[in-house]
Amino acid sequence: MRTIIVILFSVLLFSGKQNEHNIVYINTQADFDRYKNAEFEPGTQIFFAVGKSFSGQFAPKGSGTKDLPIKLTAYNPKSNKAYWDDIDNKPIINGHGEVNSPIYLYNGAFWEINNLEVTNTNGTDEEQGDLRGIYIVAEDAGIIENITVRNCFIHDVNGKVEGKRRGGIHVHVKGKKVRTKFHNLLIENNYIKNVGGVGIGNSSSWGKINSNDYYPWTDFVIRGNRVEYTGRNGIIARVGVNQIVEYNVLAYNSRYSTGHSVFNFASINCIMQYNEAYGNTGDPGDIDHGGFDADYNARGTIIQYNYSHDNNWFCGIMRRYNRDITIRYNISINERLGAYEYGFPQDDEARGIWIYNNIHYFRAGLNASIFASPGKVRTPSYSYFYNNIFYFEDKGTWGVEPDETCEFRNNLFYNVAPKGKGAIVADPLFVNPGKVDTDIDMHDPERLAGYMLKDNSPCIDAGIVINDNGGKDFWGNPLGTESIDIGAYEQQKN
């Protein structure tokens, strides 16, 4: 079918208000080449034919508006049906390792990119350059609003390499002439696999949190993505206020370098919740092979309701400049080396690390500790551990002794030496522990039900009440106001 630009009075079943605006169909390589650098008007819809493959870089220009965004998605030429929900037979754009990214959007606002399959490799395991799958850039542009990347499959980008600012989907702010940021950026329901570098990442030239130049992104959400087999981290969320990272699956990240599966950096009030992270492992002497991390200059971060298993450890805690970090109501099972790892051991500027009502369960044979210490001794400091369960099927250790600035209250210890006021030494009496499920539905209220507590558990009503505790347990049950249970489960009173 020839490329057609039509004024919309058609019978195509497209959603939204679109009268008097353009549709562009891309069915052949010639169509792709014709429009790969075109400038599109507000309200344009760009439709790539399902089941077709294209080579090169699609680098459109132009911006939409709030009422007339530019939308790109897959469609079926036979039925003239556009697909806004996720489909399997996505159109493919191959960069072949010859372009910096098969999809490249520069200073474009009010765009939606949907239902594409993207690759960018020459097929070898070697270093191929500064490559990405989807690359979105704002440079000296002020506020770039309303960018969505949804339902895309990005895989096989570069070789088996590391790098923090390349990989799958990356969004970068450049330049120092005009204060620039993204507002209302959504990266949702994408599948990223086998990429060199970081699966989903962002960066900003206006990201120095201690300077007058700090210009954090707003309404920045990373949700529902699956990111697996990456060269470095799975997700990095930098330079934002009230960022949300939720319902993502992070699997087998940092294969060719160190790096936690998901971390935030130079951000304020980031929330990481309902994510599952597993398989981030390395040599026992390697740093940063855990599930979660509030990294350097992460302020007000909340890490809650996550599921971590089979990593080197559950969570990294950085000793450099962090403030008011809350880690609560998470479940961590069978981490290889320990529950927590304290980064930047040479520094001691972090303050206010609140760690409460988490479950840490270690099967027999792991030789794990509460505090992992790869390389240098990584001493916990300025951290407050309340109402946590540390359960070892066989003998556990502390690994590193915390310093005097840490406080332990009302924690339960099983097969490891107790510490702190109100410590309980007993079996917590989980309902059915030991099972490690993978790729669970974090929307399911019955997820990991085996780690709920039996009615006669010594954890019931044995914790201390904490203000501003999120209001619910791992399973969504409301928390008590006069008494609280130890662990991530709150028994409901009749």
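Definitions and limits used
Residues numbered from 1 in each chain as written. Predicted model: local features only at pLDDT ≥ 70, side-chain atom pairs only at ≥ 80, totals over all residues. Heavy atoms only, no water. Helix = DSSP H or I, 4+ residues; strand = E, 2+ residues; numbered from the N terminus. Rg over C-alpha atoms; globule rule 2.2 N^0.38 Å. Contact = heavy atoms within 4.5 Å. Areas by Shrake-Rupley, 256 points an atom, 1.4 Å probe, with all protein chains shown as cover. Lys, Arg positive; Asp, Glu negative; His and termini not counted. Charge placed at Lys NZ, Arg CZ, Asp CG, Glu CD. Phe/Tyr/Trp six-rings, centres within 6.5 Å; stacked < 30°, edge-to-face > 60°. Buried < 20%, exposed > 50% of the residue type's maximum accessible area, 1.4 Å probe, protein only. Polar contact = N/O pair within 3.5 Å; in protein donor to acceptor, adjacent residues only side chain to side chain. Core = buried A, V, L, I, M, F, W, Y, C linked by side-chain atoms within 4.5 Å. pLDDT = per-residue confidence, 0-100.

Undergrad: Would you explain the overall build of the protein chain in this entry?
TA: Along its length, the protein chain carries one helix and 43 strands. Here the C-alpha atoms of the protein chain give a radius of gyration of 24 Å, agreeing with the 23 Å that 2.2 N^0.38 yields for 494 residues. Along the longest, intermediate and shortest principal axes, the C-alpha atoms of the protein chain span 75 × 50 × 45 Å. When contacts within the protein chain are restricted to residue pairs at least 6 apart in sequence, long-range pairs at least 24 apart make up 72% of them. Carbon and sulfur atoms provide 46% of the accessible area of the protein chain, an area that totals close to 18800 Å². Averaging the positions of the 48 positive and the 58 negative side-chain charges in the protein chain gives two centres separated by 5 Å.

Undergrad: Would you explain the packing of aromatic side chains in this entry?
TA: The relative placement of two aromatic rings is captured by the distance of their centres and the angle of their planes. One pass over the structure, following the stated rule, counts 47 aromatic pairs. An angle of 70° between the planes, with centres 6.3 Å apart, marks the rings of phenylalanine 32 and phenylalanine 48 as edge-to-face. Of this pair, phenylalanine 32 sits in helix H1 (residues 29-35) while phenylalanine 48 sits in strand S3 (residues 45-49), and the two are 16 residues apart along the sequence. An identical accessibility class is assigned to phenylalanine 32 and phenylalanine 48; each is buried. Here the aromatic residues Phe292, Phe314, Tyr340, Tyr342, Phe371, Phe385, Phe390, Trp398, Phe408 and Phe413 are joined through ring pairs into a cluster of three or more.

Undergrad: Mind showing me how you'd approach the side chain of asparagine 306 here?
TA: As for its placement among the helices and strands, asparagine 306 is situated in the loop between strand S30 (302-304) and strand S31 (307-309). A relative accessible area of 0% means that asparagine 306 is categorised as buried. One polar contact links the side chain of asparagine 306 to the main-chain carbonyl oxygen of methionine 272, over a distance of 3.0 Å.

Undergrad: Mind showing me how you'd approach the nonpolar core here?
TA: General note: in soluble globular proteins, nonpolar side chains tend to be found buried as a group. Within the largest apolar cluster, 87 residues are counted, with the highest numbers of intra-cluster contacts made by Phe48, Phe58, Phe182 and Tyr340. The next biggest cluster of nonpolar side chains, apart from the first, holds 34 residues, and it includes Tyr361, Leu448, Ile466 and Ile484.

Undergrad: Can you help me understand unusual backbone geometry in this one?
TA: What you tend to see is this: most non-glycine residues have negative phi, and most peptide bonds are trans. Residues other than glycine seldom take positive phi values, yet aspartate 156 does so here, at roughly 50°. Secondary-structure assignment places aspartate 156 in strand S13 (residues 153-157). Since its relative accessible area comes to 31%, aspartate 156 is described here as partly exposed. The residue aspartate 461 is not glycine, and still its phi comes out positive at about 60°. Its place among the elements puts aspartate 461 in the segment after strand S43 (424-425). We classify aspartate 461 as partly exposed; its relative accessible area is 37%.

Undergrad: How should the confidence of the model for the protein chain be read in this particular structure?
TA: Across the protein chain, the average pLDDT comes to 94, with 96% of residues at or above 70. Contacts from residues 1-20, a stretch scored under 50 in pLDDT, to residues over four places away or in other chains number 42 contacts.

Undergrad: Any chance you could explain the side chain of glutamate 188 here in plain terms?
TA: Relative to the elements of secondary structure, glutamate 188 occurs in strand S15 (residues 181-188). Residues within four places of glutamate 188 in sequence aside, it is in contact with Val149, Arg150, Asn151, Arg223 and Asn225.

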